[in-house]
Amino acid sequence: MTDPIDLTLSSDEESPPDDPPQPQPQRRGRRRGDQPQPDLGIVPVNVDEREQEVNLPTPTLTNNDTDEGLKPSTTSGTGLWDLWTRNFKSPLFALLDLIDNSVDAALLQKGCKSDIPGRVQIYRDVYNHGRHSYTTGLCIRNNSMNKITSLDLALNHLFSSDKVTPNTIGENGVGMKQAAASLSDMTFVLVKNGSNEELELGIIAKVLQNEVGCFLPCFKFNDLKNLSKKMTEVFKQSQYASVAKCVAEYGKVTTDGVPSLDKGIERLCKHFEDICKKFHDNPYVFEVILDKVHDRNSKHASGAKDKQATVAEIMKTLQNDIPMRYLHIDETFKFSVGKKELTFRYWQERLVEFTEIEIPVRSKTPWHENFGVDMPDQYWLRIFLGFDRFRIAESDVEPETGIKKSNKQCSLYIYSRMSGRLILRERDSRVRLRLNAGGTEFCQALTVIIDDVDGHLPVNPTKQDVVYSNQSQGGETHKDNLYAMVRAVVAFYYTHHKKKYGGKKNILTSKISQFVDRELPDGMKSCANCKLTTYKVLFNQTNTNMIRVDHSEEEPGVDTVFRLIPEEKTLKSPGRTARKRKPSSIKKNSNPEAEEELEAANKKRSKKDTKRHSPTGMRSTPRRAAGRPKKYGDDFNDNGQSDSEDTSSEERGDNVKKSKNVGKGCLDLCMSSDDESESRYGKKSRNPKIISPGPKGKDSNEALENRIDELEIENSILKAKTETLQEELKAAKRNIRMLEREIKRAEE
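Owing to the predicted nature of the structure, the values given are computational and were not obtained by experimental measurement. (Residues numbered from 1 in each chain as written. Predicted model: local features only at pLDDT ≥ 70, side-chain atom pairs only at ≥ 80, totals over all residues. Heavy atoms only, no water.)

A. Focus on the overall build of the protein. Of the regular secondary structure elements, the protein holds 16 helices and 16 strands. By the burial criterion, 45% of the 748 residues in the protein qualify as buried. Within the protein, counting contacts between residues at least 6 apart in sequence, those at least 24 apart form 70% of the total. Looking at the protein as shown, the accessible area adds up to about 40,500 Å², and 49% of this sits on carbon and sulfur atoms. (Helix = DSSP H or I, 4+ residues; strand = E, 2+ residues; numbered from the N terminus. Buried < 20%, exposed > 50% of the residue type's maximum accessible area, 1.4 Å probe, protein only. Contact = heavy atoms within 4.5 Å. Areas by Shrake-Rupley, 256 points an atom, 1.4 Å probe, with all protein chains shown as cover.)

This is the structure in structure tokens:
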């Protein structure tokens, strides 16, 4: 029994979907001068009148310099298809190439005025039958501000690309065919080019290619009301039998269904109706239908449920990834993926101290030649910098494998062209920018964004890298000049903010981490309309042939939401600030008679003590502490005699001073360090000083205060580390919750 939702072809046209097309005998079509076909309101575009084959595709034409040189292409269609499928690193890049075409067409070009906002819609290709709905592929639809290039040129010129302006990154060039071949074995291209009576249909299908040439058919229709009838009449002609099989395969909704030409035509007409109705105020509309999308990196295989899961996975990836991929899409642009409206404020919501600085870059002349002089090949480039508040809170350990992997190094992003399309991303760019790559230097989630809005950087055709070798001359010089200037700006920016916290990287990390849970203000603007913090910079050449940045003034921007405020305490070096000495708490004795009596008593006591410790004579120095080695010259003067022979006890008693830190009758006698150091070299002081510990007490108070300040700083550092660990714990908990949800989904 056949599927109730399918309308089948005749028995001689049925074939299994996976079987290759059977080769047909070559036949000569009618030549020029024969009777023409009746006018059905349909204009077949790319089928050569000399080669009207029943099932053999006709080779397309290559684009030479002159129209006189147009000849049938000898390029193998199957070989070219295999080449197209290998040009992208991943299916995501192929999808982004198609989205680039849509964004460039929908963006309002410089110097143009229009009241129609740009629109891009990405949605599932769903066929509804009764209570059941079947997801068969993915659709990308957009309006255009200008007349769309004819499909005859866009499809048949295999090795050329027709761009609207040099600033565009896509606009239906060679990349459209490559991306379509990478994502699907059959793609339909629909165009409304002015009105409902100017419709075009193109087909990019693997089954239409052979060794003779590449066959990419396209047709023009001029009647929307009778579109289904017109398509049926043309596709049932014998010369379009191979095209009819592609349309019938599109009508095969389920995997176990049967190809249906009528069902395929019905679905194509429904897309044309949506284009004309939903975009009624837009004269130019473009749509790509990717049938049975195959994600080569996906775990899902074939099958109706698996196709739906593949499309759902792609949609989710695009919802999360596209806002980061485009830098200059403003608030008026309407971009939707499924039912979700996207906003392009990715970096505004993430970066702390979001800053904008412009730098001069030379494309051919080395930067050190006539440094500071404007050269003809010089242009201005915009650099965005900031600290990523979400990336700094990510865990350094992968939750699945437990492998330690840091994600806080200085990252580099290069955006290009008017739309600000992401071309290159490097997670750790310290080596590329010749920055200090040791330890945790530049590891506070620093983010560097190069905005090549005017398209000066050479980009490869698939927009996956910057290729300086594509430049006609001076490619490597251009590269060195760019990174030398960027390095100077990055080093200045990082050092400037690190100095706010006394050069402490851990304090800087904790301050950035405080913005993780900060709520965003309403009405945030896109990068195209933001007024960010900037600096008036002056570039100087150092003796080591490097570029250094000096800045004179900071200009805060109203759209820089998250700011790093310096703390005064952290700017002071501990122990170096001059402090007022506290007045001594020891009061002098105001009774002079009591002082004289105390001094006389101390003299008598000192005589008894010295006689008891020196039985052979009076000692001129205090008794050494236990364990202190005896130094040469301690007990003898320059004449070799004992000091007791030259100095009387009364003279020594006169040099005894009262201690101010003890009560009456208590004296502390010690020898000064100066006298001791002099005795080592044979110079003995005749009157050794006896120092009271009073002044030492004042010095110890000052040292204690300095120590307290140091402990306070260490305490703030420990608090910062604690906050960082708490944020890592929160991130780990979030990862655990995400894993639990994924496990539940997998079980379901």
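B. View of the confidence of the model for the protein. For the protein, per-residue confidence averages 74 on the pLDDT scale, and 67% of positions sit at 70 or higher. Taken together, the stretch residues 1-72 has pLDDT below 50 and engages in 122 contacts with residues farther than four places along the chain or on a different chain. Confidence drops under pLDDT 50 across residues 608-698; counting only partners more than four residues distant or on other chains, this segment forms 107 contacts. (pLDDT = per-residue confidence, 0-100.)

C. Focus on the sheet that holds strand 12 (residues 411-416). Pairing is mixed in the open sheet, where 5 strands are placed in the order 10-11-14-12-13. Both outer strands of the open sheet, strand 10 (351-362) and strand 13 (421-426), are each paired with one neighbouring strand and no more. Across the sheet, the axes of successive neighbouring strands diverge by a mean angle of 20°, strand direction being ignored. Pairing geometry for strand 10 and strand 11 (residues 378-388), over 10 bridges, is antiparallel. Counterpart to Thr355 in the pairing with strand 11 is Leu385. (Pairing = 2+ DSSP bridges. Axes fitted to C-alpha atoms, helices over the stretch in contact; angles between N-to-C directions.)

D. Spatial organisation of the state of the cysteines. A complete count under the given rule lists 0 disulfides for this structure. Between Cys443, a cysteine without a disulfide, and Cys410, which holds the nearest cysteine sulfur, the sulfur-to-sulfur distance is 8.7 Å. Residue classification places Cys443 among the buried positions, given a relative accessible area of 12%. (Disulfide = S-S within 2.5 Å.)

E. Seen up close, the nonpolar core. Counting residues in each nonpolar core, the largest one holds 51 residues, and the members touching the most others are Ile359, Phe387, Leu482, Val486 and Val490. At 12 residues, helix 9 (residues 475-498) tops the list of elements feeding residues into this core. Every residue in contact with Leu482, bar those within four places of it in the chain, is listed here: Val361, Leu381, Ile450, Leu457 and Tyr468. (Core = buried A, V, L, I, M, F, W, Y, C linked by side-chain atoms within 4.5 Å.)

F. Expanded view of the packing of aromatic side chains. Considering all chains together, one arrives at 15 aromatic pairs under this definition. Each residue in the set Tyr326, Phe333, Phe335 and Phe344 is aromatic and connected to the rest through ring pairs, giving one cluster. Across the ring face of Phe279, the terminal group of Arg119 is positioned such that the distance to the ring centre comes to 4.0 Å. (Phe/Tyr/Trp six-rings, centres within 6.5 Å; stacked < 30°, edge-to-face > 60°. Lys NZ or Arg CZ within 6 Å of the ring centre and 35° of its normal.)

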